[in-house]
Every structure is written in structure tokens, then in C-alpha cells.
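Chain by chain, the residues:
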Amino acid sequence: MHDNQTAGPENAAGNLRNARVLAVCQGLFTCAISIDLTLTALTGYQLAPDKALATLPFALITVAGALVTWFAAFLIQRIGRRRSFALGALIGAGGGFISVWAVFQAHFWAFCIGTAAVGVFQAFAQYYRLAAADAVAPMFKSRAIATVLTGGVIAAIAGPALAAWSRDLFPLAMFAGAYLMVALLSLISVVVLLFFYRDSLVIAATATVSAAPVAARGLGKIARQPVFIAALANNVAGSVVMMFIMTAAPLAAVACHHGIDDGANIIQWHLVGMFAPSFFTGHLIKRCGLGPVLLAGIALNAACALIAVSSTSLPAFYVALLCLGIGWNFMFVGGTTLLAQSYAPSERAKTQGLSEFLRYAATAVATLAAGPLLQAYGWATLNAAIVPILLLCVVANCYWMFAERQNSRTQAGAAQ
């Protein structure tokens, strides 16, 4: 398949154009998914026969993503990114329309099917950043990943605002209009992908990979690399912590006597924190190094927990969720950069598939647990629970940094 070959310098302009197209698609996807992030827990609470199931439709976005992400990696390799990404967006549109019908009919389980379909869209969209990283030389991977994520900045603002505007579009079915927006945004993604995106060649992920064909390593050998362990730790821990807290935040805000609009605004502020740093995260990694940026991301997540435990005031919710968003951005861009350095082109599909599957599976558990744990133990305990996860991530990063230092010393000694 042409998708697995090594690209030459002549493809640089096309790859840059593709990164910008993917940034637009990321924006459309983020706008659609932010509507779900803003309203699905509340819609689920409205429709659920048992209020303990309120976050189930929200969690199914992640569960469906976990089930599909491994399959998506190999489908992308088989039929190309363009058609695969368009298929994912089309399924997302179907999910939006099903959700509209479910809200009109007050049908909780149909609503779950609709949100699960949006999860399939998310599974494919999560490969946008990796598609951009695979198409550039190693020193530009962080910047390419960050470029794609910048597409979420406008969406982070527009998505919750669109959710607030459209939720009352149909007076007889609150929130149905918002899910109509999810469907339309997904359909626009299909059009953009089919008309403007072109499949690009893959540039070797590391300098040690030559242009000559090499035998693909087994997954076990790939997964034992310190660089893969650190990549997985940052991507998994960052996503688990972020989704665990963000899923519960709107419900916690309402439980703390803040309004529904306050819950939506908190998520909007959080989404700005998730994507706005993408304008400079790549440059920050180049200037300060990957390790310090990753550790800064972990520290910001820890700050979120500390602030949330200390106060339930509205400003505390805003600041905590902003720290959570920025921390996720640093960990996600950095972790994806490490992941893109951990495989040869021939190992791409299975390595990306394994990493994304494990990330989604862990995040699905976190989102499923968020609602019941919030109800049982409260907002402060939920935030305190993320600290051990962050400590494990610190250990994984230190292990990778130590291994990198040892490799550098070994190479310097061999050169002498």
C-alpha cells in the first residue's frame, strides 16, 4: 500500500497542506464532540430510568471508541486515511440524527446508541494527529501534532456556545437541536475530507529506521521500549484523568448549587485549556525539551486536583478545569510525539492500534466510573483519586528520560 512507503522532501508542501486540512477536521470534530461533552451527561440524567445511569451515554462515546480504535488502525492502513476518516465522520452524523430522534421520543437506550456512534467518529478522528505526525520528519512531529490540535481552539469556544444556542431549538424536545448540530458538523467533516484531504506517504519515525525494508518487530518488543512505555503512560494517564474529572464536572457543579449554564461554561473554559496551548506546545517542546513539558503537564493536573479539593466555588471550578485542560494538552502532544518515535512504518498500524485501544479502554473505565463514584463519594474524593495515576506517570517519564540519557552516553562513547 502506498501509505506505508517512505516519503521524500518533495511531499513536504502536500503534507503541510494535509496538516491544515486535518486541523479544520479536528475543529469540526471537536465542535461536535464538545456539544456531547457539554450536554450528554445532562441529557442522560433527563432520560435515564435510573439516575445512576446518567453518565452511561457519555461513557459509551469512549467505550465505542475503545472497541473500534484497533479496527480503525488497520482499516486506515488498508483503504487509506481519506476514506477511513470520511467513514468515521459519516457514522458520527448517523449518531447525531439517532440522538435527535431519541430525545424527541424520550428513549434512553436509543440515545445510548446515538452517542456510541459518535464514539466511532471519535475513534477515527483520534488518528488525525498521528496522520500528521507520520507525514513529517522526526524533528517536526511535535509541531505537526500541535498544528492539528489547534483546530480545536475555535471549536472549544464555538461548541459549547452552539450547544447553548441549539439546545432549545425544538421547544418540545430540550437538547434535540444540539444533537442536530452534531450531525451537521459531522457531515461537513465528510465533505472536507473527501474534497480536500489527500493520503500522504509515511516518513520514518526515527532516525534509526532506514529507507530499506526492515522486518517488523513483534508488539511485545515494541511495547517494552521505554519510549513506548512513556508514550502510553502520558496518553493514557492524561486522557483518563481528564475524562474522569470532566465527565463529572457539570454534574458536580449543579450539585454544588451552580446553574446548568455554569456547568456548560466550565466545560467551555476547560476546552479552551485543552486546545489553545497547541499554538505554542510544539515550540515549547523544542525549546525546553520533551521531558520538562510532560512533567509540567502532570503538575498542572495535580494542581487541578488540589484546587478542586480545596474549594467548590465557581471560580475554583473554572481554574481547576482550565489547569486540567492545559495539563492534558502538554501530556497528549508530548505523549503522541513519543508514540510516533516508537515504531517503524511497517509497525505503524499495530503500534498505533495497541496504544489507542489501551488509552480508550482505560478512559472508558474512568468515564463509566465517574457518575457512580461522584454520587457515592463526592467531588473532592474524585479529584484526590487521580493523584496515584499521575505519580505512576512521573515514574514512567523518569524511566524513559534515564534510558535516553544512557543511550546518549553509549553513543557518545562509541563515537569516541
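Scroll up a little and you will see the structure.
What you see is a predicted model, and the numbers here were worked out from it, not measured in a lab. (Residues numbered from 1 in each chain as written. Predicted model: local features only at pLDDT ≥ 70, side-chain atom pairs only at ≥ 80, totals over all residues. Heavy atoms only, no water.)

K.L.:
What is the right way to look at the pattern of salt bridges in this model?
P.N.:
Opposite charge on two side chains lets them pair, provided their charged atoms get close. Per the counting criterion, the structure on display carries five salt bridges. Here Arg 129 ties to Glu 356 by a salt bridge, and the two come within 3.0 Å at their closest N and O atoms. Of the two residues, Arg 129 sits in helix H5 (residues 128-134) while Glu 356 sits in helix H14 (residues 348-377), which places them 227 residues apart along the sequence. Considered together, Arg 129 and Glu 356 belong to a single accessibility category, that of buried residues. (Salt bridge = Lys/Arg side-chain N within 4 Å of Asp/Glu carboxyl O. Helix = DSSP H or I, 4+ residues; strand = E, 2+ residues; numbered from the N terminus. Buried < 20%, exposed > 50% of the residue type's maximum accessible area, 1.4 Å probe, protein only.)

K.L.:
Teacher, can you tell me more about the nonpolar core here?
P.N.:
The tendency in soluble globular proteins is for nonpolar side chains to be buried as a group. Counting residues in each nonpolar core, the largest one holds 128 residues, and the members touching the most others are Phe 85, Tyr 128 and Trp 379. With 20 residues, the top contributor of residues to this core is helix H9 (residues 226-255). Apart from residues no more than four positions distant in its own chain, Trp 379 is found in contact with Ile 245, Ala 248, Ala 249, Ala 252, Ala 308, Thr 312, Phe 317, Leu 321 and Leu 374. (Core = buried A, V, L, I, M, F, W, Y, C linked by side-chain atoms within 4.5 Å. Contact = heavy atoms within 4.5 Å.)

K.L.:
I tried to follow the packing of helix H11 (residues 278-288) against helix H13 (residues 314-340) on my own but got confused; where do I start?
P.N.:
Viewed as axis vectors pointing N to C, H11 and H13 meet at an angle of 55°, and their least axial separation amounts to 10 Å. Classified by the interaxial angle, the pair formed by H11 and H13 is oblique. The crossing of H11 and H13 is right-handed. Contacts between H11 and H13 pair Ser 278, Phe 280, Thr 281, Leu 284 and Ile 285 from the former with Asn 329, Phe 330, Val 333 and Gly 334 from the latter. A breakdown of the residues in the contact of H11 with H13 according to their chemical character gives five nonpolar, four polar and no charged. (Axes fitted to C-alpha atoms, helices over the stretch in contact; angles between N-to-C directions. Parallel < 35°, antiparallel > 145°, perpendicular 65-115°, else oblique. Left-handed = near helix turned anticlockwise from the far one by under 90°. Nonpolar A, V, L, I, M, F, W, Y, C, P; charged D, E, K, R; others polar.)

K.L.:
What should I look at first to understand empty space enclosed by the protein in this one?
P.N.:
Unfilled space is identified by rolling a water-sized probe across the atoms. Summed over the entire model, instances satisfying the criterion amount to three cavities of 30 Å³ or more. Considering only enclosed or pocket space, the largest cavity measures out at about 300 Å³ in volume. Along the wall of the largest cavity there are 23 residues; nearest its centre are Gln 122, Gln 126, Met 242, Met 274 and Trp 328. Only helix H1 (12-47), helix H4 (108-125), H9, helix H10 (260-275), H13 and H14 provide two or more residues apiece to the lining of the largest cavity. Among the elements that line the lining of the largest cavity, the one with the most residues is H1, at five residues. In terms of residue class, the lining of the largest cavity is built from 14 nonpolar, seven polar and two charged. (1 Å grid on protein atoms, 1.4 Å probe; cavity = no way out; pocket = protein on both sides within 12 Å on 5 of 7 lines; lining within 4 Å. Points joined across faces, edges and corners; volume = space filled by probe spheres on them.)

K.L.:
Sorry if this is basic, but what is going on with the environment of Ser 311 here?
P.N.:
Summarising the element assignment, Ser 311 is placed in the loop between helix H12 (290-310) and H13. When its relative accessible area of 27% is taken as the criterion, Ser 311 is described as partly exposed.

K.L.:
I tried to follow a nonpolar patch on the surface on my own but got confused; where do I start?
P.N.:
A contiguous nonpolar surface patch, about 310 Å² in accessible area, is contributed by Trp 70, Phe 74, Phe 357 and Leu 358. Contributing elements (two or more residues each) for the nonpolar patch: helix H2 (56-79) and H14. Mapping Phe 357 onto the fold places it in helix H14. Using a relative accessible area of 33% as the deciding quantity, one classes Phe 357 as partly exposed. (Patch = residues over 30% accessible without salt bridge, like charges linked within 9 Å, V, L, I, M, F, W, Y side chains within 5 Å. Areas by Shrake-Rupley, 256 points an atom, 1.4 Å probe, with all protein chains shown as cover.)

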